[in-house]
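If you want the building blocks of each chain, they are given just below.
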Protein chains: 2
Amino acid sequence: MPGTVQSIERAAAILRMLAGGTGRLGLGEIARSLDLAKGTTHGILRTLQGVGFVEQDKASGHYQLGAALLHLGTSYLDINELRSRSINWADPLAARSGEAVRIGTVLEGRVLVVHHVFRPDDTFQTLDIGALLPLHATALGKVLLAYRSAGLPEELEQFTRRTVVERRELALALDEVRAAGWAAEIEELTLGQAAIAAPIRSHGGLVVGAIGISGLVERICDTRYRPHPRLVGYVREAARAVSRDLGAARH
Amino acid sequence: MPGTVQSIERAAAILRMLAGGTGRLGLGEIARSLDLAKGTTHGILRTLQGVGFVEQDKASGHYQLGAALLHLGTSYLDINELRSRSINWADPLAARSGEAVRIGTVLEGRVLVVHHVFRPDDTFQTLDIGALLPLHATALGKVLLAYRSAGLPEELEQFTRRTVVERRELALALDEVRAAGWAAEIEELTLGQAAIAAPIRSHGGLVVGAIGISGLVERICDTRYRPHPRLVGYVREAARAVSRDLGAARH
DNA sequence: GAACGTCGTTCGGCATTGTCGAACGTCTGA
DNA sequence: TCAGACGTTCGACAATGCCGAACGACGTTC
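Just so you know, the residues in each chain are numbered from 1, in the order the chain's sequence is written. Each chain takes a letter, starting from A, and each ligand takes a number, starting from 1, following the order in which they are written. Residue-level local features of this predicted model are given only where pLDDT is at least 70; pairs of side-chain atoms are given and counted only at 80 or more, and the full residue set underlies all totals for whole chains, interfaces and linings. Only heavy atoms go into the side-chain values, all of them from the structure, while hydrogens and water stay out.

The name that an unreviewed UniProt entry assigns to chain A is Glycerol operon regulatory protein, with the source organism given as Actinoplanes auranticolor. UniProt positions are given in the numbering used here, feature names are shortened, and annotations may be inferred rather than shown by experiment. Per UniProt, chain A has the following entry under Function (unreviewed entry): "May be an activator protein for the gylABX operon."

And the structure:
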């Protein structure tokens, strides 16, 4: 990739670093991690501060992400076609299934949640729009993995006893996903939780996202520990509906 | 402000432009608006694309915001202390008042909504976390204006017949806000809607944000078209509680 | 209490880096 | 078929941003 702007790449690396850490970071810490001179790092940070992408804690001098990024992030949501086409179908799916609905895309080897509808009946839930989930341990992620050209992830992190950590085993599971047209995940990320997902296709059949439901195992699965066919049907219908909308969107 | 990095400022300007417009923008359009050479603009956009901040529609060649920004935006929410301290108090306020709750800060002459709790009982509402609202036509904004050092906005856009567009009139209203310790807004942004807000203070009494409720005029106001004292009390109590949390947060 | 370490910040000199403008291939509409 | 606009590439120049050293302030340690 010729002719990329060095300082912008460095600025982006700083922002990603600030997003990854748990909170504020010091100038020296950032400069050391990215192997930059302190002066250079300071100039970039000052500029990022000027445009509102980072803020500085006056007391400690440490830096953190800035408020302008929040608006950019939600502006992305407004633009995103996958999300806008999905919204009309996510609410009915949540109502019919009685479970929380999430829609995701791939971002840097993870699942980025671009829409989230809470479980209808329920109490307080945390909104995880913008969250990054592992590809190999979620139903959404398995769908996205199954239909993408890039290979499997190198490292498969283990979250529970049931997480698939063998690449061979994962490859077989993805074959099944492709054959069946949908994916399930049962206690592979969080104990007691299960999920079902199906692919969202754009024009030409390219898979651009996934839609799915997630909830307690005893509600998602039947007595034989298999996903309820009724719920699978709901999810697949919703996925097809969104795909139809997306395909028809472009002329 | 000496020593700011030119290319980063230009990249930020492009991102803001993409966020402001309704959707995709062409390269020429961007280059013309920012008065840059097409080649220069292309280099910046290519870099932003490389880091995931913008995406390109392969069909039309137009550019739009990228998915990585969504994650950065929500990461900002996770870090933001104003928000994290507010969450525990926003839910009870929504429950007691029966109205939607929002928390905001100032960003570039507007109110940035950093937290939003839906009205308890109600049907579908759109989440406006990350939205930018006018300072002079919202209760949150009036509170933030009243306690900030910077002057009044130059232009006061008119949204309804009741919007305050005279700077003198606004200054008087802000005097009242400072005297009373809370602000109201009645059909000044949207017909039929009203809101109440109070300041959130950090250590030293500095106002860093505002919390408030908003809903239909007939629920927020009494028969004399004045905010219910009961609701005002709830909002002010919540604001004080958050302020206490914030002040006690630092040692 | 003084010396040390580390922090964020500033500054000048050098050359790396990004900018510019022109030219290219492609596509849409006239 | 031509004209215009589009996104993209490339080479040359010099402006630009990078580096490293030095600064003042703060907190810690002996």
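Text resumes after the structure shown.
A. Representation of the relation of the copies chain A and chain B within the structure. C-alpha atoms of residues with pLDDT of at least 70 in both copies form the basis for the least-squares superposition of the copies. Rotating chain A by 180° and translating it 0.0 Å along the rotation axis places it on chain B, where the RMSD comes to 0.1 Å. The two molecules are tied by a two-fold rotation axis, judged by turn and shift. Taking C-alpha positions as reference, the residue of chain A nearest the rotation axis is A:Gly73, located at 2.4 Å. Only heavy atoms enter the contact rule, under which two residues are in contact if any of them lie within 4.5 Å. When you check the interface residues of chain A against chain B, 100% turn up at the interface there too, and the contact is symmetric in its surfaces.

B. Region of the structure containing the nonpolar core. In these notes, a set of buried Ala, Val, Leu, Ile, Met, Phe, Trp, Tyr and Cys residues joined through side-chain atoms within 4.5 Å is what counts as a nonpolar core. Residue exposure (1.4 Å probe, protein chains only): buried if accessible area is under 20% of the type maximum, exposed if over 50%, otherwise partly exposed. Formed by 111 residues in total, the largest nonpolar core has its most connected members in A:Leu15, A:Leu48, A:Phe53, B:Leu15, B:Leu48 and B:Phe53. Residues in contact with B:Leu48, not counting those within four places in the same chain, are A:Ile8, B:Ala11, B:Ile14, B:Leu15, B:Phe53 and B:Val54.

C. Spatial organisation of the interface of chain A and chain B. Opposite the 55 residues of chain A that make contact, chain B presents 55 residues. Buried surface at the junction of chain A and chain B, summed over both partners, amounts to about 4300 Å²; 73% is from carbon and sulfur atoms. The salt bridge definition used is simple: a Lys or Arg side-chain nitrogen within 4 Å of an Asp or Glu carboxyl oxygen. Taken together, the links from chain A to chain B amount to two salt bridges. For this analysis, a polar contact is any N or O atom pair within 3.5 Å, provided that within protein one partner can donate a hydrogen and the other can accept it, and provided that sequence-adjacent residues contribute only side-chain to side-chain pairs. At the surface where chain A touches chain B, the tally comes to nine residue pairs in polar contact (both at pLDDT 80 or more). Within the residue set of the side of chain A that touches chain B, elements represented by two or more residues are α1 (6-20), α3 (38-50), β2 (63-65), α4 (68-79), α5 (81-97) and β4 (110-117) of chain A. For the purposes of this entry, the term helix denotes a DSSP run of H or I that reaches at least four residues, the term strand denotes a run of E that reaches at least two, and both are numbered from the N terminus. Per element, the largest residue contribution to the side of chain A that touches chain B is eleven residues, and it comes from α4(A). Put simply, buried area is the surface a 1.4 Å probe can reach on two separate parts but cannot reach once they are joined, added for both.

D. Examining empty space enclosed by the protein more closely. The distinction between a cavity and a pocket rests on a 1 Å grid over the protein atoms alone: a 1.4 Å probe fits inside a cavity but cannot get out, while a pocket stays open yet meets protein on both sides within 12 Å along at least five of seven lines, and a residue with an atom within 4 Å of a point counts as lining. Grid points are joined across faces, edges and corners, and a volume is the space filled by probe spheres set on the points. A complete count under the given rule lists one cavity of 30 Å³ or more for this structure. Size it by volume and the largest cavity reaches roughly 90 Å³. What lines the largest cavity is A:Ile8, A:Ala11, A:Ala12, A:Leu15, A:Leu48, A:Phe53, B:Ile8, B:Ala11, B:Ala12, B:Leu15, B:Leu48 and B:Phe53. Counting residues per element, the ones that place at least two in the lining of the largest cavity are α1 of chain A together with α1 (6-20) of chain B. We call Asp, Glu, Lys and Arg charged. Ala, Val, Leu, Ile, Met, Phe, Trp, Tyr, Cys and Pro are nonpolar, and the rest, Gly among them, are polar. The residue inventory of the lining of the largest cavity, partitioned by class, reads twelve nonpolar, no polar and no charged.

E. Broad picture of the sheet that holds strand β4 (residues 110-117) of chain B. Ordered by their spatial adjacency, six strands build an open sheet running β5-β4-β3-β8-β7-β6 (chain B), and the pairing between neighbours is antiparallel. Across the chains shown, the open sheet's two edge strands, defined by having one partner strand only, are β5 (132-134) and β6 (183-186) of chain B. Averaged over all pairs of adjacent strands, the angle between strand axes in this sheet comes to 35°, irrespective of strand direction. Sheet analysis places β6(B) next to strand β7 (residues 193-201) of chain B, joined by four bridges and oriented antiparallel. Directly across from B:Glu185, in β7(B), lies its bridge partner B:Ala195. Convention adopted: a line fitted to C-alpha atoms gives each axis, helices being fitted over their contacting stretch, and angles between N-to-C directions are expressed from 0 to 180 degrees. Docked against the sheet, α4(A) engages β3 (100-107), β4 and β5 of chain B, running at close to 70° with respect to β4(B). When DSSP finds two or more bridges between two strands, those strands count as paired.

F. Here's a closer look at the side chain of B:Glu99. All names here are of chain B. By secondary structure assignment, the location of Glu99 is in the loop between α5 (81-97) and β3. Judged by its relative accessible area of 2%, Glu99 falls in the buried class. Engagement of the side chain of Glu99 in a polar contact is seen with the side chain of Arg219, the distance being 2.7 Å. Discounting chain neighbours no more than four positions away, the residues touching Glu99 are Ala94, Phe118, Arg119, Pro120, Ile213, Ser214, Gly215, Arg219 and Ile220.

G. Focus on the packing of aromatic side chains. Centres within 6.5 Å are what make two rings of Phe, Tyr or Trp a pair, Trp counting through its six-membered ring; a difference in plane orientation under 30 degrees is then read as stacked, over 60 as edge-to-face, and the rest as tilted. Following the criterion strictly, the structure yields zero aromatic pairs over all chains and no others. Above the plane of the ring of A:Tyr147 lies A:Arg201, whose end atom (NZ or CZ) is 4.9 Å from the centre. Placement of a positive charge over a ring is assigned whenever Lys NZ or Arg CZ falls within 6 Å of the ring centre and within 35 degrees of the normal to the ring plane.

H. Representation of the pairing of strand β3 (residues 100-107) of chain A. Residue and element names in this part refer to chain A. For β3, the tally of buried residues reaches seven of eight residues, placing the bulk of the element in the interior. As paired strands, β3 and strand β8 (residues 207-216) are joined by five bridges and run antiparallel to one another. Paired with Val101 across the bridge in β8 is Ile213. Taken together, the seven bridges between β3 and β4 define a ladder with antiparallel strand orientation. By the bridge assignment, Gly104 is partnered in β4 with Val113. Count of turn residues in the β3/β4 antiparallel hairpin: two residues, of which Glu108 carries a positive phi of about 50°.

I. Molecular detail of the protein's contact with DNA strand D. Proximity is defined per residue: if any heavy atom of the residue lies within 4 Å of a molecule or strand, that residue is considered near it. Around DNA strand D, 22 residues are found, and the nearest of them are A:Thr40, B:Gln6, B:Leu27, B:Gly28 and B:Tyr63. Among the atoms of DNA strand D lying within 4 Å of the protein, the sugar-phosphate backbone contributes 79%. For DNA strand D, a phosphate oxygen lies 2.5 Å from a polar atom in the backbone of B:Gln6. Within the contact set of DNA strand D, a phosphate oxygen lies 3.3 Å away from a side-chain nitrogen or oxygen of B:Arg46. Taken together, the elements giving at least two residues each to the surface near DNA strand D come down to α1 and α3 of chain A together with α1, α2 (27-34) and α3 (38-50) of chain B. The biggest single contributor to the surface near DNA strand D is α3(B), with four residues.

J. How the structure looks around the sheet that holds strand β5 (residues 132-134) of chain A. Taken in spatial order, the six strands line up as β5-β4-β3-β8-β7-β6 (chain A) in an open sheet, and their pairing is antiparallel. Only two strands of the sheet have a single neighbouring strand rather than two, namely β5 and β6 (183-186) of chain A. Averaged over all pairs of adjacent strands, the angle between strand axes in this sheet comes to 35°, irrespective of strand direction. Inspection of the sheet shows β4(A) paired to β5(A) by three bridges, in the antiparallel sense. Bridging from a neighbouring strand, A:Arg110 pairs with A:Pro134 of β5(A). Contacting β3, β4 and β5 of chain A, helix α4 (residues 68-79) of chain B runs over the sheet at an angle of about 70° to β4(A).

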